[in-house]
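Listed below are the residues making up each chain.
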Amino acid sequence: MIDIQLLHKPLSEQECLDFVKTPDTGGIVVFVGTVRNQTKGKTVVRLDFEAYEPMAISEMRKIAEQAVEQFSLKKISVHHRVGTLAIGEVPVVIAVSSAHRKAAFDACEFVIDTLKETVPIWKKEIFEDGEVWVSATP
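Residues numbered from 1 in each chain as written. Predicted model: local features only at pLDDT ≥ 70, side-chain atom pairs only at ≥ 80, totals over all residues. Heavy atoms only, no water.

The protein chain is annotated in an unreviewed UniProt entry as Molybdopterin synthase catalytic subunit from Emticicia soli. Recorded in UniProt for the protein chain, the comment headed Subunit (unreviewed entry) runs: "Heterotetramer of 2 MoaD subunits and 2 MoaE subunits. Also stable as homodimer. The enzyme changes between these two forms during catalysis." The annotation that UniProt attaches to the protein chain under Sequence similarities (unreviewed entry) is "Belongs to the MoaE family." (UniProt positions renumbered as here; feature names shortened; annotations may be inferred.)

Take a look at the structure:
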């Protein structure tokens with residue numbers, strides 16, 4: 001029912017989608033976060049993600065369990081990547097399935113928002129002229 005992974009290799013959107021498919025699913029929502037090439041007008045060269053891995057996995061599982069309960073999900077998959085990511089690469093994939101589409105949309109938004117606020121995964125943006133650790137919430 002719950003698939004949580006913190007990986008040092010490229011993420012597979014298809015793997016997450018395949019995991020959440022069930023015969024009684026009426027709606028699936030997939031969020032794919034990507035590394036963009038600019039932030040606040042500054043050119044981004046790459047991102048570095050670091051994590052306190054045991055706690056990050058535990059916290060992602062808690063969020064997934066809460067989402068299953070709160071939104072009556074059938075299945076949920078949350079994969080996050082750590083390490084150095086280039087522009088266009090995928091640091092996070094969240095897939096959820098439920099009987100109804102609204103619950104799936106709401107759950108996916110809840111999971112990404114809560115993950116960014118509470119999970120000990122840190123992002124460093126590397127620019128052409130420097131770098132900065134980014135807070136979890138904008």
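Still to come is the rest of the account.
1. Here we look at the side chain of Ser77
The topology assignment puts Ser77 in strand S5 (residues 73–81). Ignoring sequence-local partners within four residues, the contact set of Ser77 consists of Asp3, Cys16, Phe19, Val20, Val93, Ile94 and Ala95. (Helix = DSSP H or I, 4+ residues; strand = E, 2+ residues; numbered from the N terminus. Contact = heavy atoms within 4.5 Å.)

2. Some words on the pattern of salt bridges
For the coordinates displayed, the defined rule picks out eight salt bridges. With a shortest N-O distance of 4.0 Å, Asp18 and Lys21 are connected by a salt bridge. Measuring nitrogen to oxygen at the nearest pair gives 3.0 Å for the salt bridge that ties Arg81 to Glu89. (Salt bridge = Lys/Arg side-chain N within 4 Å of Asp/Glu carboxyl O.)

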